[in-house]
Structure formats: structure tokens, C-alpha cells
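Residues per chain are reported as follows:
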Amino acid sequence: MTGWILAVLGLFVVQTFLPSAMRARSGEDEQIAFLRSNRDARPPAPVMAGRMERALGNMLEALPVFLPLALLAEIRGIEDGWALTGAAVFFFARLAYVPAYAIGIPLLRSAVWTVGLAGLVMMVVGVLG
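Residues numbered from 1 in each chain as written. Predicted model: local features only at pLDDT ≥ 70, side-chain atom pairs only at ≥ 80, totals over all residues. Heavy atoms only, no water.

### A word on the overall build of the protein chain
Thinking step 1. Each helix and strand counted, the protein chain has five helices and zero strands in total.
Thinking step 2. Going residue by residue from the N terminus, the α and β elements of the protein chain occur as α-α-α-α-α.
Thinking step 3. When its C-alpha atoms are laid out on the principal axes, the protein chain stretches across 55 × 30 × 20 Å.
Thinking step 4. In the protein chain, which comprises 129 residues, the proportion classed as buried is 37%.
Thinking step 5. The long-range fraction of contacts in the protein chain, counting pairs at least 24 apart against all pairs at least 6 apart in sequence, stands at 73%.
Thinking step 6. Surface accessibility of the protein chain: about 7,200 Å² in total, with carbon and sulfur atoms responsible for 68%.
Thinking step 7. For the protein chain, the distance from the average site of its 10 positive side-chain charges to the average site of its 9 negative ones is 6 Å. (Helix = DSSP H or I, 4+ residues; strand = E, 2+ residues; numbered from the N terminus. Buried < 20%, exposed > 50% of the residue type's maximum accessible area, 1.4 Å probe, protein only. Contact = heavy atoms within 4.5 Å. Areas by Shrake-Rupley, 256 points an atom, 1.4 Å probe, with all protein chains shown as cover. Lys, Arg positive; Asp, Glu negative; His and termini not counted. Charge placed at Lys NZ, Arg CZ, Asp CG, Glu CD.)

### Focus: the environment of Leu-6
Thinking step 1. Take Leu-6: it is sitting in helix 1 (residues 2-26).
Thinking step 2. For the pair Leu-6 and Phe-66, spaced 60 residues apart in sequence, the C-alpha to C-alpha distance is 12 Å.

### Section: the packing of helix 1 against helix 2 (residues 29-36)
Thinking step 1. Where helix 1 meets helix 2, the closest approach of the two axes is 7 Å, and the angle between their N-to-C directions is 140 degrees. It follows from the interaxial angle that helix 1 and helix 2 lie oblique. Considering how the two elements wind past one another, helix 1 and helix 2 form a crossing that is left-handed. Taken together, the residues of helix 2 that come into contact with helix 1 (itself represented by Ser-20, Arg-23, Ala-24 and Ser-26) are Gln-31, Ile-32, Phe-34 and Leu-35.
Thinking step 2. When its residues are assigned to classes, the contact of helix 1 with helix 2 shows four nonpolar, three polar and one charged. (Axes fitted to C-alpha atoms, helices over the stretch in contact; angles between N-to-C directions. Parallel < 35°, antiparallel > 145°, perpendicular 65-115°, else oblique. Left-handed = near helix turned anticlockwise from the far one by under 90°. Nonpolar A, V, L, I, M, F, W, Y, C, P; charged D, E, K, R; others polar.)

### Description of the packing of helix 4 (residues 81-103) against helix 5 (residues 106-128)
Thinking step 1. Packing of helix 4 against helix 5 leaves a shortest axis separation of 7 Å and a crossing angle of 165 degrees. Taken as axis vectors, helix 4 and helix 5 run roughly antiparallel relative to one another. At the point where helix 4 passes helix 5, the crossing takes the left-handed sense.
Thinking step 2. Among the residues making up the contact of helix 4 with helix 5, the classes are represented as 19 nonpolar, five polar and two charged.

As C-alpha cells, this is what we get:
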């Protein structure tokens, strides 16, 4: 389980950089000035930066569910079964969620999010079973 915890945390770290990277990529003077400032006055985000901010916000909502489940599995010594498979499903769904959100196809994004939720449910079953 340690590997999946580290993979999810690694993905989270990458996601923390994406909103700023998308602001910088826009090339807009207002965005560059914001990135170089103390960020007190936030200009409206370009479309892609906004999507990456919302995807990061969603990850921030999912981590407090994933991490305790993964840690419970780790503490209980669960090294296979539903908990481990659920962690893998969660990771790959979260990995797919970012480009699905970036592409902007709402039903695709929702479907990928649902797969990630199914991964968390699998983890619950594995930890309780």
C-alpha cells in the first residue's frame, strides 16, 4: 500500500503546480504579474488554469478519504485484495481525471470521477473485510 500512497501524493504534488503552470502558459501579462506577486489580487484565471484549479480542489477533497483508508490498510497489514486494488483504481482514475478535466468533456470527467469513487469504495470493503 505504501507505493500507492506515495503515487497518489506524487500526483497531488504535480497537480499543485498545474494551475500556476497554466497561468504562465497563457502568456498574458496580467497572469505573469500575478505569478510574480504576493498574489493578493487574483485576476480571473484563464480557462485551462481554472480547470486545473478545480481539479486540484477536487483532489483536496478526495485525499482526506483516500489517505486514512490507505493508512488503515497499511496498519492492518493488508497487502492484497480489495483495498490494494481499490487504491490502484483510485490512483489511475485520479491520473485520468486531470486530462479529462482539461479536455472539458463534462460526462467524461464525471465518469472518471465515478471510477475513482468506486476505488475508494473498494478500499472500504477491503479494510472492513
